[in-house]
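# Working through the structure, step by step
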Amino acid sequence: TQIYEITSSAIRNDTHEEVQVAAIEFWITVAATEESMLEEEERLRVEGRNGPAECKKYVESATGNFVPLLLETLSKHGDDTDEDTYDLRAAGSCCLESFALTVGSQIVHVVLPFVQLHITSEEWRLRDAALVAFFSILDGPSTTVLGQYVQQIVPVLLRAFSDSNVIVQDSAVHCISNICKLHMQAVQPDHVHAIIQGLIMKLQESPKLADSACSAIFFMSASMKDPEGMPESNLLSRPMLALMQALIATMDRPDAKERDWRVGAMSAAG
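Residues numbered from 1 in each chain as written. Predicted model: local features only at pLDDT ≥ 70, side-chain atom pairs only at ≥ 80, totals over all residues. Heavy atoms only, no water.

## Overview of the overall build of the protein chain
As a reminder of what qualifies: The secondary structure listing takes helices from DSSP runs of H or I that are at least 4 residues long and strands from runs of E that are at least 2 residues long, numbered from the N terminus. Each residue gets one of three labels from its accessible area relative to the maximum for its type: buried under 20%, exposed over 50%, partly exposed in between, using a 1.4 Å probe on protein chains only. What makes two residues a contact is simply this: any of their non-hydrogen atoms within 4.5 Å. Every accessible area reported is derived by Shrake-Rupley at a probe size of 1.4 Å, with residue values counting cover from the shown protein chains alone.
Counting its secondary structure elements, the protein chain contains 13 helices and zero strands. Secondary structure of the protein chain in N-to-C order comes out as α-α-α-α-α-α-α-α-α-α-α-α-α. Relative to its full complement of 270 residues, the protein chain shows a buried share of 48%. Intrachain contacts of the protein chain at a sequence separation of at least 6 include 69% that bridge at least 24 residues. Roughly 13900 Å² of accessible area belongs to the protein chain as shown, and the carbon and sulfur atoms make up 52% of that amount.

## Comments concerning a nonpolar patch on the surface
Quick note on the threshold: Candidates for patches are residues over 30% relative accessible area with no salt bridge; among them, like charges are joined within 9 Å and nonpolar side chains (Val, Leu, Ile, Met, Phe, Trp, Tyr) within 5 Å. In the sections that follow, a salt bridge refers to a side-chain nitrogen of Lys or Arg positioned within 4 Å of a carboxyl oxygen of Asp or Glu.
Together, Ile3, Ile6 and Phe26 line one region of the surface with nonpolar side chains, adding up to about 260 Å² of accessible area. Its location among the elements puts Phe26 in helix H2 (residues 17–46). Assessed through its relative accessible area of 35%, Phe26 is described here as partly exposed.

## With respect to unusual backbone geometry
In this structure, Lys57 takes a positive phi of about 55 degrees despite not being glycine. Overall, Lys57 belongs to the partly exposed group, its relative accessible area being 38%.

## Brief notes about the environment of Val111
Positionally, Val111 belongs in helix H5 (residues 108–118). For the pair Val111 and Val67, spaced 44 residues apart in the sequence, the C-alpha separation amounts to 7.5 Å. When neighbours within four sequence positions are excluded, Val111 is seen to be in contact with Val67, Leu71, Leu96, Ala133 and Ile137.

## Comments concerning the packing of aromatic side chains
The cut-off we apply is this: The pairing test for Phe, Tyr and Trp rings, Trp by its six-membered ring, is centres within 6.5 Å, and the orientation test on the planes gives stacked under 30 degrees, edge-to-face over 60, and tilted for anything in between.
The tally for this structure, following the rule as stated, stands at seven aromatic pairs. Summarising the aromatic geometry, the rings of Trp27 and Phe66 are spaced 5.2 Å apart at their centres and angled 40 degrees between planes, so their arrangement reads as tilted. Of this pair, Trp27 sits in helix H2 while Phe66 sits in helix H3 (residues 58–73), placing them 39 residues apart in sequence. An aromatic cluster is present here, built from Tyr4, Phe26, Trp27, Phe66 and Phe99 joined pairwise through their rings.

## Brief notes about the nonpolar core
Considering soluble globular proteins, one finds that nonpolar side chains tend to be buried as a cluster. Our working definition: For our purposes a nonpolar core is just a set of buried Ala, Val, Leu, Ile, Met, Phe, Trp, Tyr and Cys residues, chained together by side-chain atoms within 4.5 Å.
Ranked by internal contacts, the top residues of the largest apolar core, which has 79 residues, are Phe66, Ile107 and Ile179. With residues up to four places along the chain from it excluded, the contact list for Phe66 reads Tyr4, Ser8, Ile11, Trp27, Cys95 and Phe99.

## Describing the environment of Val67
Tracing the backbone shows Val67 in helix H3. A relative accessible area of 0% places Val67 in the buried class. C-alpha separation for the pair Val67 and Cys95, spaced 28 residues apart in sequence, amounts to 8.9 Å. Those residues in contact with Val67 that lie beyond four places of it in its chain are Ala62, Leu96, Phe99, Ile107, Val110 and Val111.

## As for the pattern of salt bridges
Under the defined criterion, the tally for this structure stands at eight salt bridges. With a shortest N-O distance of 2.8 Å, Arg43 and Glu47 are connected by a salt bridge. Classification of Glu47 as partly exposed rests on a relative accessible area of 42%. Overlapping salt bridges bring together Glu40, Arg43 and Glu47 as one network.

## Considering the packing of H2 against helix H4 (residues 88–103)
The line we're drawing: For helices, the axis comes from a line fit to the C-alpha atoms of the stretch in contact; other axes are also lines fit to C-alpha atoms, and the angle between any two N-to-C directions lies between 0 and 180 degrees. For classification, angles of less than 35 degrees are called roughly parallel, those exceeding 145 degrees roughly antiparallel, those between 65 and 115 degrees roughly perpendicular, and all remaining angles oblique. Crossing handedness follows the turn of the near helix against the far one: under a right angle anticlockwise gives a left-handed crossing, and clockwise gives a right-handed one.
At their nearest, the axes of H2 and H4 sit 9 Å apart, and the two run at 15 degrees to each other. The orientation of H2 relative to H4 falls into the category roughly parallel. For H2 against H4, the interelement crossing comes out left-handed. From H2, Glu17, Gln20, Val21, Ile24, Trp27, Ile28, Ala31, Glu34, Glu35 and Leu38 reach across to H4, where they touch Leu88, Ala91, Gly92, Cys94, Cys95, Ser98, Phe99, Leu101 and Thr102.

## Let's talk about the side chain of His118
In this fold, His118 is placed in helix H5. On the accessibility criterion, His118 (16% relative accessible area) is buried. The contacts of His118, once residues within four sequence positions are left out, are Leu126, Arg127 and Ala130.

## Considering the side chain of His191
Mapped onto the elements, His191 comes out in helix H9 (residues 189–202). Dropping the residues within four chain positions of it, His191 is found in contact with Gln151, Val154 and Pro155.

Put into structure tokens, the structure is as follows:
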């Protein structure tokens, strides 16, 4: 459609980042709208009511051509991008997330080749872009589809915890956090101990990395809780003492109050 051509051209060719971001935000809005419409259609179907199929599925039609363009935006940022800056990279990530929520597992075969090609690139921006691409599509596709890729990427993420670039390190921790939140059942038991050790190390580093590590620990712990509330041993039982000691030390850090992430450490400890 004409709108697709206009927005794609703006993202690809416009020299003003705010115009590129605005074009991406248009598709974020479209995806969010279609997601709501699809949920309503599914609700009516489950209830046995034949409502009109109103969703035109523009996002699904655009996925094959538009997502590769979004992937290109993920490496477009400076050496010291501020974490709160909503730039082209951040907008591209948000749009990928919106597309994944709308089309589900259909997005995986479009994004995974990019991830596999660049995740060990010598260029740190491309390594980071691959990690951002992966964690941006985790909420949407099923664990059945993503499980094999989660198993393959976890060792790579653990190595990326020690990447030469701190932005890549943070993206790796954030990716682990999303995996723990959404697809923990796909993580191999043998990898859990290594993940915990890596997160404990990150608790001792920069406030941003420590904050991301707290989130990952919280989601990992939540995913292993017995839904019946009954106490039982799990993969966190053995490293629990070391984990609690690390979280308590994190709460006592001088910069914890300044950064306002002491709550994150407390939540993870709980």
